[in-house]
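Working through the structure, step by step
Below are the chains, spelled out letter by letter.
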Amino acid sequence: MKGLVYIGSLKSVQNSTQFDQRFDENDYYVSINPTVWSSAADDCSIILGPNGGLVGIETLEEWEFLKVLLENYGFASTFWTSGKFDIFRNEWIWSINNQPIPSNPPWGAGQPIPLPNLSQRIQIFHLSRYDAYWRSVADTQLHRYICELRKIDYV
């Protein structure tokens, strides 16, 4: 895929009932080149189609999985996510699905900034799988990015 490198896939059971189980399977891609947040979001959607977008980290399992995958992409690397501050809801959300970020997110020291605005986005700062955290930064900065392609299967 142009400008993206496949880095892995995560499959997990999301909702179970007596009659069916829903499996979410996400494929993850990392960009080769840095760009501003809006271009990163556009790239993920254009290259991966309607089920693709910047990553939204919805579970601890997904966060731990991504930290391990990112080990191969450099010391002190930064990556865009789909996280942004929604001033109307006064909360941080994932733009890929408009869901709030999970409780107890792994913000870095002093993060997120106290008075976020429309241009604030969530970035991953990754030193190692043992030292990675989120930062709120302006969407005009240049960073590499992580795309996810969402697939849902019912069994």
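Bringing unusual backbone geometry into the picture now. Between Q111 and P112 the backbone carries a cis peptide bond, its omega angle lying at -10°. The residue P112 is located in the loop between β6 (99–100) and β7 (120–128) in this model. Within the chain, N98 stands out as a residue other than glycine whose phi angle is a positive 60°. With respect to the secondary-structure elements, N98 resides in the loop between β5 (91–94) and β6. Located in the positive-phi region is N104, a residue other than glycine, with phi close to 55°.

So, on to the packing of aromatic side chains. Enumeration according to the criterion identifies 8 aromatic pairs in this entry. The interplanar angle of 80° and the centroid separation of 5.3 Å between the aromatic rings of W94 and W134 together place this pair among those described as edge-to-face. Here the residue W94 occupies a position in strand β5, and W134 occupies one in strand β8 (residues 131–138), the gap between them amounting to 40 residues. Classification of W94 by relative accessible area gives buried; the value is 0%. Residue W134 is classed as buried on the basis of its relative accessible area of 1%. In this structure an aromatic cluster arises from ring pairing among W63, F85, W92, W94, W107 and W134. Its end group placed over the ring of W37, R121 keeps NZ or CZ at 4.2 Å from the ring centre.

What follows covers the environment of V68. With respect to the secondary-structure elements, V68 resides in helix α2 (residues 60–69). V68 gets classed as partly exposed once you look at its relative accessible area, which sits at 39%. C-alpha of V68 to C-alpha of Y130: the two residues are 62 residues apart in sequence and 8.9 Å apart in space.

The next subject is the nonpolar core. Ranked by size, the top nonpolar core spans 22 residues in total, and within it I57, I124, W134 and I146 carry the most contacts. If you list the elements that add at least two residues to this core, you get β1 (4–16), β2 (21–31), α2, β4 (77–86), β5, β7 and β8. Grouped together as the second largest cluster of nonpolar side chains are 13 residues, L4, A40, C44 and L54 included.

Tallied over the entire structure, the rule returns 6 salt bridges. Residue D27 pairs with K151 through a salt bridge whose shortest N-O separation is 2.7 Å. Of this pair, D27 sits in strand β2 while K151 sits in strand β9 (residues 144–154), placing them 124 residues apart in sequence. Under the relative-accessibility criterion, K151 is labelled partly exposed at 31%. With a closest N to O distance of 3.5 Å, R121 and D139 form a salt bridge. Here D139 lies in the loop between β8 and β9 and R121 lies in strand β7, a separation of 18 residues in the sequence. Taken together, the salt bridges that share partners define one network made up of E58, E148 and R150.

Moving on, we come to the state of the cysteines. According to the stated counting rule, one finds 1 disulfide in the structure shown. Across the disulfide, C44 is cross-linked to C147 (sulfur-sulfur distance 1.9 Å). Here the S-S torsion is close to -75°, and the disulfide linking C44 with C147 is therefore left-handed. You can see C44 sitting in helix α1 (residues 37–48) and its partner C147 sitting in strand β9, a full 103 residues away along the chain. Taking relative accessible area as the criterion, C147 reaches 0% and is therefore assigned buried.

What counts and how
Residues numbered from 1 in each chain as written. Predicted model: local features only at pLDDT ≥ 70, side-chain atom pairs only at ≥ 80, totals over all residues. Heavy atoms only, no water. Helix = DSSP H or I, 4+ residues; strand = E, 2+ residues; numbered from the N terminus. Phe/Tyr/Trp six-rings, centres within 6.5 Å; stacked < 30°, edge-to-face > 60°. Buried < 20%, exposed > 50% of the residue type's maximum accessible area, 1.4 Å probe, protein only. Lys NZ or Arg CZ within 6 Å of the ring centre and 35° of its normal. Core = buried A, V, L, I, M, F, W, Y, C linked by side-chain atoms within 4.5 Å. Salt bridge = Lys/Arg side-chain N within 4 Å of Asp/Glu carboxyl O. Disulfide = S-S within 2.5 Å.

Nothing here speaks to function; it is all geometry.
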